[in-house]
Amino acid sequence: MPGFEILDHEERKEVMDVLDNGVTFRYNFDHARNGHWKAKEMEELLCDTMQVKHAHLVSSGTAALQTALAAMGVGAGDEVIVPPFTFVASVEAIVAAGAIPVFAEIDETLCISAQGIEKVITPRTKAVNVVHMCGAMPDMDAIKKVCEVHGILILEDACQAIGGTYKGQALGTLGHAGTYSFDSVKTITCGEGGAVITNHPEIYNYAHMYSDHGHDHIGSDRGAEKHPIMGLNFRISELNAAMGLAQLRKLDKIVATQRKTKAKIKAALADIADIQWRELADPEGDQASFLSFMLPTQERTAEIHQKLSEHGVDGCFYWYVNSWHYLKNWQHIQTMTSCAPLPIELNDQVPDYTQVHLPQSDDIMSRTLSMLIKLSWTEEEIDQRIESMRQAFA
Ligand SMILES: *Cc1c(COP(=O)(O)O)cnc(C)c1O
């Protein structure tokens, strides 16, 4: 998944454009910037690439989630359904909004399931945060159907899945709003950065204002702008956007490389009876940053994880025991502990997160391993990796 592997003269050129004119602010300074609008340019390219009406860059994927939730009207006391297998940011953003995370079961897609969502809907449910984990998607048709019936908004956290599609549509464009992360280890990187994408003009309008103290961005005189809403500063800098612009131009190549490598490894391991591949709701849309599979038991999974490491197969994740990706291991989130009292404490119907019971997710996650697909592997390195993986399973 890491775009940082292929940084070259193209990123350097874009960043140098910014350094040469000295304007790192994404708005205004129309004369000084010599025609360079890196954030705007990257947003336009995102719209083109994803076939979406609006894209707005922000300072991180986490900021994108916070901005999207606010722009969708999710706030104090609203419930937002979220999977227990994700990066903590998907949950933190909900809590920061003053809303209440409600966890729902995942299925073999490793993403939230429509049935899981349906079971936890209440009259206070405002939205579901559908996280496209490890480059691929859940059954979006089924999820959209449930959400439509119940009048629930869909936010797609596609922070790990840029370049993926579902039935031909870019992940992130299937719901009301979607988010990408461009942090240093994501498929493409700005160093730090993120984006909100949406086909809804009113969500876009709130998103660009919210992420810049409510500025309406009308006209070229910042001092004369109006502030219809309150917001925060989640702006991206031109330096970060410049880097991301060069990276975004490489996205097709990155995804093609990942897909080719993944297909080769998958085919070479096809005869290993223990392996149950992660279910892909649309196999053609997998952006292939990870190879994920399930094993028959938790014991076998722990054993294979260990053996892969012993055979030098690096980049393998056993998320079930990893402290950043599974609810079971998030003590601070289970107890809603921060450095100061959280808005969630003002709600009277907050679940006891230490008692959340998700047996199906536990079963799946206790048997799941994922291997990161790197862009820099040579054919020889891929062959060697396949050989080492086969030995680990022997
Ligand atoms: C990385 C990630 C985020 C947060 O992105 P940052 O840019 O690191 O803030 C959110 N959700 C998921 C699923 C992620 O993988």
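Keep in mind it's a predicted model, so treat the numbers as computed, not measured.

Each value, and the rule that gives it
- Residues numbered from 1 in each chain as written.
- Predicted model: local features only at pLDDT ≥ 70, side-chain atom pairs only at ≥ 80, totals over all residues.
- Heavy atoms only, no water.
- Domains from an automatic or database assignment.
- Contact = heavy atoms within 4.5 Å.
- Polar contact = N/O pair within 3.5 Å; in protein donor to acceptor, adjacent residues only side chain to side chain.
- Helix = DSSP H or I, 4+ residues; strand = E, 2+ residues; numbered from the N terminus.
- Near = heavy atom within 4 Å.
- Areas by Shrake-Rupley, 256 points an atom, 1.4 Å probe, with all protein chains shown as cover.
- Nonpolar A, V, L, I, M, F, W, Y, C, P; charged D, E, K, R; others polar.
- Salt bridge = Lys/Arg side-chain N within 4 Å of Asp/Glu carboxyl O.
- Buried < 20%, exposed > 50% of the residue type's maximum accessible area, 1.4 Å probe, protein only.
- Phe/Tyr/Trp six-rings, centres within 6.5 Å; stacked < 30°, edge-to-face > 60°.
- Lys NZ or Arg CZ within 6 Å of the ring centre and 35° of its normal.

Once the domains are mapped, the protein shows domain 1 (3–251) and domain 2 (252–393). Domain 1 puts 45 residues into the contact, and the matching count from domain 2 is 51 residues. Where domain 1 touches domain 2, the interface holds 26 residue pairs in polar contact (both at pLDDT 80 or more). Contributing elements (two or more residues each) for the side of domain 1 that touches domain 2: α4 (89–96), β3 (100–103) and β6 (165–166).

Taken together, the neighbourhood of the ligand is formed by 16 residues, with Gly61, Thr62, Ser181, Asp183 and Lys186 sitting nearest. Separating an oxygen atom of the ligand from a backbone N or O atom of Gly61 is a distance of 2.7 Å. The contact in question runs from an oxygen atom of the ligand to an N or O atom on the side chain of Ser181, over 2.7 Å. Notes on the ligand: free accessible area 380 Å², of which the protein chains cover 93%. Looking at the shell around the ligand, the elements that each hand over two or more residues are α3 (61–71) and α4. Ranked by residues supplied to the shell around the ligand, first place goes to α3 with three residues. Tallied by class, the residues present in the shell around the ligand amount to five nonpolar, eight polar and three charged.

The next subject is the pattern of salt bridges. Within the structure shown, the criterion is met by 24 salt bridges. A salt bridge links Glu379 to Lys264, with the nearest nitrogen and oxygen atoms 2.6 Å apart. Residue Glu379 is located in helix α13 (residues 379–393), and its partner Lys264 is located in helix α9 (residues 251–268); the two are separated by 115 residues in the primary sequence. Of the residues examined, Glu379 reaches a relative accessible area of 35% and is grouped as partly exposed. Exposure remark for Lys264: the relative accessible area of 30% places this residue in the partly exposed category. In this structure, Arg390 engages Asp271 in a salt bridge whose closest nitrogen and oxygen atoms are separated by 2.9 Å. Placement of Arg390 in helix α13 and of Asp271 in the loop between α9 and β10 (276–277) is noted, with a sequence separation of 119 residues between them. Taken together, the shared-partner salt bridges in this structure form one network comprising Lys13, Glu14, Asp17, Lys38, Glu41 and Arg249.

Attention now goes to the packing of aromatic side chains. Under the defined criterion, the tally for this structure stands at 14 aromatic pairs. Measuring from centroid to centroid gives 6.4 Å for Tyr318 and Tyr320, while their planes differ by 35°, and the two rings are tilted. On the basis of relative accessible area, Tyr318 is assigned to the buried category, the value being 6%. On the accessibility criterion, Tyr320 (10% relative accessible area) is buried. Grouped by ring-pair contacts, the aromatic residues Phe85, Phe290, Phe317 and Trp319 constitute a single cluster. Against the face of Trp37 rests Lys40, its NZ or CZ located 4.1 Å from the ring centre. We note Lys186 situated over the ring of Phe87; from NZ or CZ to the ring centre the distance is 5.8 Å.

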